[in-house]
Amino acid sequence: HRRVLTAEVYKTLDAVGNVLVQSVQPAVASVSASVYTKFLLEYPHEERALQQRVLHLVRNVGYGDEFGRRSVLNAINTIVARFPEDLLSRTFASIIAVPLVARLSQEDDQTTHKMLQLSIKDLFVKISPTARQRALEVMLAWADGSSAVLKRSLAEVMGFLVEETKAKCIALDVAVSTLHKLLPAEELGRDVLKEEDDYQLPWRQTYAVCRAFERVVETVEPSQLESLLQTPEGPALRGLWRYITLEALPTHFHPWVRLCCLRLLFAFMSKLKLPSQEAARKSLLQAPPADPKGRMLPKVLLHHCVDLLKNPILEEHPSICGPLTKMLLELQLMVLENPWLAGRGDADAAAAASTEELVDTPMELPEGVEEDDDDATPAEAPKAADQSGEEEEAAEEEEALGADGVDADGEGKDAGEEGLYGSTEVQVVQANEPTDDEDEEEGGEDEDEDEDSEKEQSKAVNQDDLPEEDDDDAPVVEEGEADLFRRVDAEKAASAAKEEVLPAAPAAADTKTTAEYEQILAVTGLKAEISRISYAARELLRQMDKNPARLATVFRLFGYMALRLPKAALVPVLKLLIGPVLRCCSGVRAREQFDHINTIEQLTLLPFPKQRVGVLATLAQQVLDAMNASFGPGHAEYAGALKEVREFISVQRQQRKVERKQQLVSDTQAAMAKRVSLTKKKRDSKKRQNQLRMHLQGGTHHYLRGLVFRGKDQESG
């Protein structure tokens, strides 16, 4: 091609480089980036002039406008892809790599942050090992510095460079020792969550370290990681592992750190091939310091995860629910198949597991939701129940709102006495995980279903039927050009398509008898942990609309247990498993069929308490149906346990109903006071309901399409 080599051409292209950064039109910025990179690649340059023009791009990776930063990164990535390897390694490796890595922890736009990661990966993969080592030496020095921003960037780059196993961008021992050094000691022991706009907060650095180590664990095999224990980096690995398993997961004040620890530990445990008992005590399965009862790490983690399941933090951060469910199920399977993980046994746990298994807890239901007093049969109640006078209506309303926080039969019981129960796969999956720069949002609440908004929504025009419009602002990409935008979009689509629930898998085979499993459940403390979850669920049922995330998590866990655990192992805890679910699905008349609820976060964002309670009741019913299908009609133990629990709940409900009617006669003053209070609550409820309906009018709900629960015959991998 004929080129005009004049000073004016070079000045003009320098101006194009400015337009690339400053243009507010994506199409203009994209064309400018294409022209500028072709200019750098095809026109002759002195080495110094070429450096200055590349530095012009590098200096603007922190430009104030996110579209400008994206255009700059796309241009840099094109340069990395098209420049010769020797030129890139000799001249531009450190010039490009160090500023891009330093920008990582400061980037608050998700798309731009992903473009940064991909550009850094491409650069480190392409340059020579010598150039790679020079750039790493500059960055590794940040670990001894005082800048928290640079330390967070270093932690992040350690994580995703380990993922490039073919290029061997960084050694595993270097990454692990660096991450251990980056743990901020001054943050340990803090229990106050300060303002999140301060980039110097130690928890952010801790989160970056945990997120990077999660990438390491997901990439390498457990055997590779444990091989470091016999090297000089062994103490660093043990220190990092101890902090994550015994400090960050059970006690850290920030939910993102706990979420990272859950995902990390599940990735490790799910790939682990258990060694012999002697070898396990020298591996990462040994809970440091040595437990006096000889318990291994899975048993200790199981206790911590049950504590987390009971924690109200799940209602504020439902993204924890999905990984927590996976972790609980994996740990139960490990301890059940390998009882030696529980150490020498726990007499206290065995005693707690043998306590009373049948407890019926009164539920305080929101306005417009009535408790079914007739029986405990989990069938669809009629749409309108007959009322036999004002006194019975008042009595039922008092029952719906009259829970005083005292269990009808289990007053003063310790939270550690009953177990869970199982079902098929539940598609109330966890919410999308938070990114490094993304905060979670919580929705509001109110008290009834917005029927008018749903009718208007159903009449909306299907956007898929409309003709496609030309997007004049779309980036212009020539065929064959390395385009970062397309790669980011492809990774987002792949991430969105990934299913959050556990993949379908057959149930574990019954390798032991029911009596043997019962002994294992008692001695290992598994039954005691199941009891803690079951009893916690019954306590949460007192106020279902205020605890939707934890209840949905328990029901999902029950569903996975019914699918994955051996049937003979479930028989000793059947009453513990059936109780909370049967109480929920048979005690609530209102049911909500929301096919667009497919995450726990969406469940918590439902605006009306009646909707949340209805969805939970529907979910519980589907879980119970799955249990029925899993055990089959001929399973005598399951049929007997179900009948016993159902009869017990029915008797307790009838007793409470009689007591309420007797109170109307024996203590009329208290009954009248309750009725006055109920009237005031209904009036305030309708006022809030009307306000929320006016707010939602003309808007759209934050719902997605999907199923609340998936039966065994509808599973997909």
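The shown structure was predicted, so the numbers you read here are calculated from the model rather than taken from an experiment.

Caption draft 1: Seen up close, the overall build of the protein chain. The number of helices and strands found in the protein chain is 30 helices and zero strands. Per-residue burial for the protein chain yields a buried fraction of 54% across its 717 residues. Entry remark: accessible area of the protein chain is about 32,100 Å², with carbon and sulfur atoms responsible for 50%.

Caption draft 2: Representation of the confidence of the model for the protein chain in the model. Looking at the protein chain as a whole, its pLDDT mean stands at 75, while 70% of the residues score no less than 70. Contacts from residues 188-199, a stretch scored under 50 in pLDDT, to residues over four places away or in other chains number 25 contacts. For the stretch residues 699-717, pLDDT sits under 50, and the model shows 66 contacts to residues farther than four places along the chain or on other chains.

Caption draft 3: Inspection of the side chain of Lys 299 at higher detail. As for its placement among the helices and strands, Lys 299 is situated in helix α15 (residues 297-309). Judged by relative accessible area, Lys 299 falls into the buried class, the value being 5%.

Caption draft 4: Layout of the pattern of salt bridges. In total, this model carries 19 salt bridges according to the counting rule given. For Arg 53, the salt bridge is made with Asp 14, and the minimal N-O distance between the two is 2.8 Å. Placement of the pair is Arg 53 in helix α3 (residues 47-59) and Asp 14 in helix α1 (residues 7-22), with a sequence separation of 39 residues. Taking relative accessible area as the criterion, Asp 14 reaches 31% and is therefore assigned partly exposed.

Caption draft 5: The arrangement of helix α26 (residues 574-587) in detail. An ideal rise of 1.5 Å per residue puts 20 Å on 14 residues; α26 measures up with 19 Å between its terminal C-alpha atoms. Along α26, the largest kink reaches about 25° and is centred on Val 581. Burial of α26 is extensive: 13 of the 14 residues sit out of reach of the surface.

Caption draft 6: Region of the structure containing the side chain of Arg 53. Looking at Arg 53, the relative accessible area reads 13%, which means it is buried. The residues touching Arg 53, leaving out its near neighbours within four places in the chain, are Tyr 10, Asp 14, Tyr 36, Phe 39, Leu 40 and His 45.

Caption draft 7: Inspection of the packing of helix α12 (residues 234-251) against α15 at higher detail. Two elements in contact, α12 and α15, have axes separated by 9 Å at closest approach and are oriented at 25°. As the angle between them shows, α12 and α15 are arranged roughly parallel. For the pair α12 and α15, the crossing hand works out as left-handed. Of α15, the residues touching α12 (which contributes Trp 241, Thr 245, Leu 246, Leu 249 and Pro 250) are Leu 297, Val 300, Leu 301, His 304 and Leu 308. Among the residues forming the contact of α12 with α15, the class breakdown is eight nonpolar, two polar and no charged.

Caption draft 8: The arrangement of the packing of aromatic side chains in detail. Tallying each qualifying case throughout the model produces 10 aromatic pairs. With a centroid separation of 6.4 Å and an interplanar angle of 45°, the aromatic rings of Tyr 36 and Phe 39 are classed as tilted. Of this pair, Tyr 36 and Phe 39 both sit in helix α2 (residues 26-42), separated by three residues, roughly a single helical turn. Accessibility classification places Tyr 36 together with Phe 39 in one group, the buried group. Where Phe 39 meets Tyr 43, the ring centres are 5.4 Å apart and the plane angle is 50°; that geometry is what we call tilted. Judged by its relative accessible area of 3%, Phe 39 falls in the buried class.

Caption draft 9: Focus on the nonpolar core. By size, the foremost hydrophobic cluster in this structure holds 178 residues, and its most contacted members are Phe 213, Leu 225 and Phe 555. Take this core: its biggest share by element is 12 residues, from helix α13 (residues 255-271). Look past the residues within four positions of Phe 213 in its chain and what remains in contact with it is Val 176, Leu 179, Leu 225, Leu 237, Leu 240, Trp 241, Ile 244 and Leu 264.

The rules behind the values
- In every chain, residue numbers begin from 1 and rise along the written sequence.
- This being a predicted model, a pLDDT of at least 70 is required before a residue's local features are given, and a value of 80 or more before pairs of side-chain atoms are given or counted; all residues contribute to the totals for chains, interfaces and linings.
- Excluded from the side-chain calculations are hydrogens and water; all other atoms, namely the structure's heavy atoms, are used.
- Only DSSP runs of H or I with at least four residues qualify as helices, and only runs of E with at least two residues qualify as strands; both kinds are numbered from the N terminus onward.
- We call a residue buried when its accessible area falls under 20% of the maximum for its residue type, exposed when it is over 50%, and partly exposed in between, using a 1.4 Å probe and counting protein chains only.
- Under the convention used here, a 1.4 Å probe and the Shrake-Rupley method define accessible areas, while residue burial counts only the protein chains that appear.
- For every residue, the predictor reports its confidence as pLDDT, a number between 0 and 100.
- The contact definition used throughout considers only heavy atoms, calling two residues in contact when any of these lie within 4.5 Å.
- When a carboxyl oxygen of Asp or Glu is within 4 Å of a side-chain nitrogen of Lys or Arg, the pair counts as a salt bridge.
- Here the expected span of a helix is defined as 1.5 Å times the quantity of residues minus one.
- The angle separating two fitted axes, one through the seven residues that finish at a residue and one through the seven that start at it, defines the bend at that residue.
- Helix axes use the C-alpha atoms of the stretch in contact, all axes being lines fitted to C-alpha atoms, and the angles between their N-to-C directions lie in the range 0 to 180 degrees.
- Oblique is the label for any angle not covered by the other classes, which are roughly parallel (under 35 degrees), roughly antiparallel (over 145) and roughly perpendicular (65 to 115).
- Handedness of a crossing is defined here by the sense of rotation of the near helix relative to the far one, left-handed for an anticlockwise turn of less than a right angle and right-handed for a clockwise turn.
- Residues were grouped as follows: Ala, Val, Leu, Ile, Met, Phe, Trp, Tyr, Cys and Pro as nonpolar; Asp, Glu, Lys and Arg as charged; and all remaining residues, including Gly, as polar.
- A pair of Phe, Tyr and Trp rings is counted when the ring centres sit within 6.5 Å of each other, with Trp represented by its six-membered ring. The angle between the planes then sorts it: under 30 degrees is stacked, over 60 is edge-to-face, the rest tilted.
- Joining through side-chain atoms within 4.5 Å is the link that ties buried Ala, Val, Leu, Ile, Met, Phe, Trp, Tyr and Cys residues into a set, and such a set is a nonpolar core.

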